[in-house]
Amino acid sequence: MAIESEVLVIGGGLGGLTSALAAAREGADVRLVSYKQSTLRQASGLVDVLGYTSDGDGPLTDPYEAIPSLPEDHPYRKVGVQTVRDALSLFDDAVPTYEGEHTDTNALLPTHGGSIKPTARYPAGASAGLASDTRDTLLVGIEEMVDFDAPHVAAHLDATGVPFDARGETIRFPGDLRADAKVTRYAKLLDTNSEVAVRGRMVPAREALAQRVNPLLEDEQRVGFPAILGDDNPGAIRDALRDHLGVDVFEVPMGPPSLPGLRLEDALFSALGEAGASIETGNPVVDFDGEDRIEKVFIEKNGAKIPNSADQYVLATGGFVGKGVESDRDGVYEPIFDCHVPHAEDRYDWFEGELFGDHEFARYGVATDDDLRPLDASEHSEFENLRAAGSVLGGYDFAAEKSGSGVSIATGYAAGQRAAQEAR
Amino acid sequence: MSDAETPPDFDPVAPNTGEEFEPVDVFPDSDDFDLRPGADSCYKCSTCDTNCPVAEVDDDFPGPKFQGPEQWRLKQSDDDHEIDDSVMDCSNCMRCDNACPSGVPLSQMHNTARGEYVSEQMDKLSVEYIRNRILANYRTSAFFASKVPRLANFAMNFGPARWVMEKTLGVTSERDFPAFAKQTFRDWWADRGGQVQSRENARAARKRRGLPEDAEKKVAYFHGCYSNYNTPEVGKAMVRVYEEFGYEVVAPEQKCSGTPMFANGMLDDARRHAETNVSSMSELVDEGYHAIASCTSCSMALRQEYPELFSIPGTAKVAANASPASTNSAQK
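No experiment lies behind these values; they were computed from the predicted model shown. (Residues numbered from 1 in each chain as written. Chains lettered and ligands numbered in written order. Predicted model: local features only at pLDDT ≥ 70, side-chain atom pairs only at ≥ 80, totals over all residues.)

J.: Any chance you could explain the overall build of chain B here in plain terms?
T.: Of regular secondary structure, chain B possesses 17 helices and four strands. Each of the 332 residues in chain B was classed as buried or not, and the buried ones make up 39%. Taking as baseline every contact in chain B between residues at least 6 positions apart, the subset at least 24 positions apart corresponds to 73%. (Helix = DSSP H or I, 4+ residues; strand = E, 2+ residues; numbered from the N terminus. Buried ≥ 20, exposed ≤ 12 C-beta atoms within 10 Å, placed from the backbone. Contact = placed C-beta atoms within 7 Å.)

This is the structure in structure tokens:
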């Protein structure tokens, strides 16, 4: 007997989660299946919509204004500007710990490399760090965390011409953690505010951290840390540090593994649970039944193939990194349904010679109609009840455009909502 | 020359694989599990590390990415590379398996490394080894304790005895030992009439529910040691729930699932127990039974660890036909 639902979403990243959430809020009986943990845990946790045009113009002030001029095969053009806005509203409602919804204008956030990223939404923990804010800034790095070299980041920020003075200092994290301590180790220590030994005395971790920073603080009005300030209680930790230091505290989003990404994933999974969807993670979808219409998919579990059937399906399995799109010497393909992925025949045309060149492969993914149904090589829809969302889609280069989160949320929303409406 | 340029004398579409071509045997055939190829699937995203409940609290523990792929990579160039003793701090929760976006068999790597560490590097006369061996073979001590549950419960939580255990074996006196039940699950099951009674109950329930009375609804229940000796109420409830839904239950011959043995690197002990479990479970699977376990780690042992660690005939069949008792995969 198959496990049944009205809408089955395959993939547990930003696209899949938004899709399932949109479908569930539309009233559908939704099931989300995800193989392993998604690339969302590797993402910065910043939610961008569009930072640069496909031609590289930017940073853009108003992402919505630029959408109608994007190339026709761009996913934003498929769903339209209003859907992007509606999708962001759903996100704002589901993840109340994010800010940025008060304006259409892109916010400018400092990155852990010291560059500035245009973004539409950001975690509350990053908001005191906005680059448009004129308050002078102290950045504090942790000696063992080589990913965030505070003096270097401060110098880079200066070079971008930010309207404030930035200075970097490096400290040893109190408590003698191992040199390669995980971000979750720092977070846990601060979450629980456990006592750490400082010169033979036991001091609560938050206080001990503030004590290390206090003597370094000159007349800066805010202090930035790498994003390690707690997993469960980041707000309380920032408040405690602010009280000890007497100035605002913010986090600079970091590379993988990323706590802001983890927190965002947790927030979306709990919103999805509250919306009543069923969720299964850990096992891959390996096969399906159906010709013009998908009848059921099979999930492999310890060698058994468990059938799952639904009226409507959403493919949100990710791009090359998430393994929703794969390639070998013979070509580029979508591994579950073998949806057509348009690509150059000669694989030496897939990329450019320069590392940061305009690589074609960055835009590889399934092509869809305006209803987000994947198209075959002759531009007919592959299956009448399958829609695609997120990085599995082609036609855009999220790294260059800074549009990854926005496309996942907008197409996830559209695919989920339409799947739910059709399943009724 | 950059990799991005086509080399002049090499056609990537049709590489030179003429008669002269002999593939290099990087990993020679061996009966042992060789996990080094799997280590190369790791792209070091550290998702496993962020899921590890030990690494977030223990400053001596380097995390699953080191324990698994990094350590196996070190073995790639050096067969004599010694296993780091920190592998003994892994709690074998297997969360890293569920995390890895590249499908690296992390817990299999940990279990194998731990087994190798214990068999080749650990001092068999050390207190740690003796203690771990006793704790890993919980079923044996529980078997004797269950004969005299009141005495055992008193002795195991008797202050002076716990003080001695802490001093000699390093078993903390802060934790209470779980109480042994006055009647084991299996004794209850036998008193109740075993499989014959269950068949009648299931048949009556099917009639009540309007299901075909001769429906093939039957499960083989792996209750595990803890339900048997400590919390038989769990096992009894499991039987009643399944019967209520019309399933006939059998409680086949079984030993320890091996979970505490994997966690302590005692793979030989675990294999002996697994052989019994696989043999009795696979016969029942052949007869149309679906295997269920109320204990999640026992269920993981049947479904994942046996196939990953042992080549016992029938293992794959049992794994494909087993599920945790709380999921509905048995509804076939």
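J.: It is not clear to me how the overall build of chain A should be interpreted in this structure. Could you clarify?
T.: The helix and strand inventory of chain A stands at eleven helices and 19 strands. In terms of overall dimensions, chain A has a C-alpha envelope of 70 × 45 × 40 Å along the principal axes. When the 424 residues of chain A are sorted by exposure, 53% land in the buried category. A fraction of 68% describes how many contacts in chain A between residues 6 or more apart in sequence connect residues 24 or more apart.

J.: Please clarify how the domain arrangement of chain B should be interpreted in this entry.
T.: When the parts of a complex come together, some accessible area is lost, and that lost area is often taken as the interface size. Residues and elements named next belong to chain B. Split into domains, chain B comes out as domain 1 (53-73 + 90-121), domain 2 (127-169) and domain 3 (185-324). The C-alpha-based centres of domain 1 and domain 3 are spaced at 28 Å. Counting residues at the interface gives ten residues for domain 1, matched by nine residues for domain 3. Looking at the side of domain 1 that touches domain 3 residue by residue, the class counts come to four nonpolar, five polar and one charged. (Domains from an automatic or database assignment. Nonpolar A, V, L, I, M, F, W, Y, C, P; charged D, E, K, R; others polar.)

J.: Sorry, what's going on with unusual backbone geometry here?
T.: Residues other than glycine predominantly adopt negative phi, and peptide bonds predominantly adopt the trans conformation. Residues and elements named next belong to chain A. With an omega of 5°, the peptide bond running from Gly-58 to Pro-59 counts as cis. Here Pro-59 lies in the loop between strand 2 (30-34) and helix 2 (63-66). Phi at Asp-176 takes a positive value of approximately 50°, unusual for a residue other than glycine. As for its position among the elements, Asp-176 is in the loop between strand 8 (166-171) and helix 6 (183-192). With a phi angle near 50°, Asn-193 is a residue other than glycine that sits in the positive phi range. Looking at the secondary structure, you find Asn-193 in the loop between helix 6 and strand 9 (195-198).

J.: Would you explain the interface of chain B and chain A in this entry?
T.: At the interface, 29 residues of chain B touch 27 residues of chain A. Those elements that place two or more of their residues in the side of chain B that touches chain A are helix 2 (47-51), helix 4 (95-99), helix 16 (296-309) and helix 17 (315-320) of chain B. Residue composition of the side of chain B that touches chain A, grouped by class: twelve nonpolar, eleven polar and six charged.

J.: What exactly am I supposed to notice about the nonpolar core here?
T.: In summary, soluble globular proteins display a tendency toward joint burial of nonpolar side chains. By size, the foremost hydrophobic cluster in this structure holds 123 residues, and its most contacted members are Val-7, Ile-10, Ala-20, Leu-272, Val-314 and Leu-315 of chain A. Among the elements that make up this core, the one with the highest residue count is helix 11 (residues 404-423) of chain A (nine residues). For this core, the domains that each give at least three residues are domain 1 (3-100 + 261-423) and domain 2 (112-252) of chain A. The contacts of Leu-315 of chain A, once residues within four sequence positions are left out, are Ile-10, Ile-336, Phe-337, Leu-386, Ala-388 and Val-392 of chain A. Core analysis: the next-biggest nonpolar cluster, separate from the first, contains 66 residues, Met-94, Met-109, Ala-136 and Cys-225 of chain B among them. (Core = buried A, V, L, I, M, F, W, Y, C linked by C-beta atoms within 7 Å.)

J.: How should I be thinking about the domain arrangement of chain A in this particular structure?
T.: Residues and elements named next belong to chain A. For chain A, the assigned domains read domain 1 (3-100 + 261-423) and domain 2 (112-252). Using only C-alpha atoms to locate each centre, domain 1 and domain 2 end up separated by 33 Å. On the side of domain 2, eleven residues touch domain 1, which itself brings 20 residues to the contact. Residue assignment for the side of domain 1 that touches domain 2 shows that the elements contributing at least two residues are helix 4 (81-94), strand 3 (98-99) and helix 9 (259-274). The residue makeup of the side of domain 1 that touches domain 2, split by class, is ten nonpolar, six polar and four charged.

J.: Would you explain the sheet that holds strand 7 (residues 137-142) of chain A in this entry?
T.: The strands making up a sheet are joined through hydrogen bonds of the backbone, oriented either antiparallel or parallel. All names here are of chain A. Pairing is parallel in the open sheet, where four strands are placed in the order 8-7-11-12. Looking at which strands have only one partner, the edges of the open sheet turn out to be strand 8 and strand 12 (248-252). Pairs of neighbouring strands in the sheet enclose a mean axial angle of 25°, with direction left out of account. As paired elements, strand 7 and strand 11 (residues 222-226) share three bridges and run parallel to each other. Within strand 11, the residue paired with Leu-138 across the bridge is Val-223. Relative to the sheet, helix 5 (residues 150-160) contacts strand 7 and strand 8, its axis offset from that of strand 8 by approximately 170°. (Pairing = 2+ DSSP bridges. Axes fitted to C-alpha atoms, helices over the stretch in contact; angles between N-to-C directions.)

J.: Just checking my understanding: could you explain the sheet that holds strand 3 (residues 290-293) of chain B for this structure?
T.: Residues and elements named next belong to chain B. Pairing is parallel across the open sheet formed by four strands, whose spatial order is 2-1-3-4. Pairing within the sheet leaves two strands with one partner each, and these edge strands are strand 2 (248-250) and strand 4 (322-324). Between one strand axis and the next, the sheet turns through 35° on average, direction left out of account. Pairing geometry for strand 1 (residues 218-222) and strand 3, over four bridges, is parallel. Paired with Val-219 across the strands is His-290, a residue of strand 3.

J.: I'm lost on the packing of helix 1 (residues 14-25) of chain A against helix 11 of chain A in this one. Help?
T.: For any two helices packed against each other, one specifies the crossing angle of their axes together with the interaxial distance. Residues and elements named next belong to chain A. For the pair helix 1 and helix 11, the least separation of the axes is 7 Å and the interaxial angle reads 35°. Crossing of helix 1 against helix 11: the hand is right-handed. Residues Leu-14, Gly-15, Gly-16, Thr-18, Ser-19, Ala-20, Leu-21, Ala-22 and Ala-23 of helix 1 form the contact with helix 11, whose participating residues are Ser-405, Ser-408, Ile-409, Thr-411, Gly-412, Tyr-413, Ala-415, Gly-416, Gln-417, Ala-419 and Ala-420. Taken together, the residues of the contact of helix 1 with helix 11 break down into ten nonpolar, ten polar and no charged. (Left-handed = near helix turned anticlockwise from the far one by under 90°.)

J.: Any chance you could explain the pairing of strand 10 (residues 201-204) of chain A here in plain terms?
T.: Residues in a regular strand project their side chains so that they alternate between the two faces of the sheet. Residues and elements named next belong to chain A. Here four bridges tie strand 9 to strand 10, and the two strands are oriented antiparallel to one another. The residue of strand 10 that forms the bridge with Ala-197 is Met-202. Hairpin connection between strand 9 and strand 10: a loop of two residues separates the two successive antiparallel strands, and Arg-199 in this loop has a positive phi of roughly 45°.

J.: What exactly am I supposed to notice about the environment of Pro-232 of chain B here?
T.: Residues and elements named next belong to chain B. As for its placement among the helices and strands, Pro-232 is situated in helix 13 (residues 232-244). Considered as a pair, Pro-232 and Asp-187 are 45 residues apart in the sequence and their alpha carbons are 9.7 Å apart. Those residues in contact with Pro-232, other than ones at most four positions away along the chain, are Ala-181, Gln-183, Thr-184, Phe-185, Trp-188 and Ser-227.

J.: When you look at the packing of helix 3 (residues 64-77) of chain B against helix 5 (residues 106-121) of chain B in this model, what are you seeing that I'm missing?
T.: Residues and elements named next belong to chain B. Running from N to C, helix 3 and helix 5 cross one another at 75°; their axes reach a closest spacing of 9 Å. Looking at the two axes, helix 3 sits roughly perpendicular to helix 5. Contacts from Pro-64, Gln-67, Gly-68, Gln-71 and Trp-72 in helix 3 reach Leu-106, Met-109, His-110 and Ala-113 in helix 5. Taken together, the residues of the contact of helix 3 with helix 5 break down into five nonpolar, four polar and no charged. (Parallel < 35°, antiparallel > 145°, perpendicular 65-115°, else oblique.)

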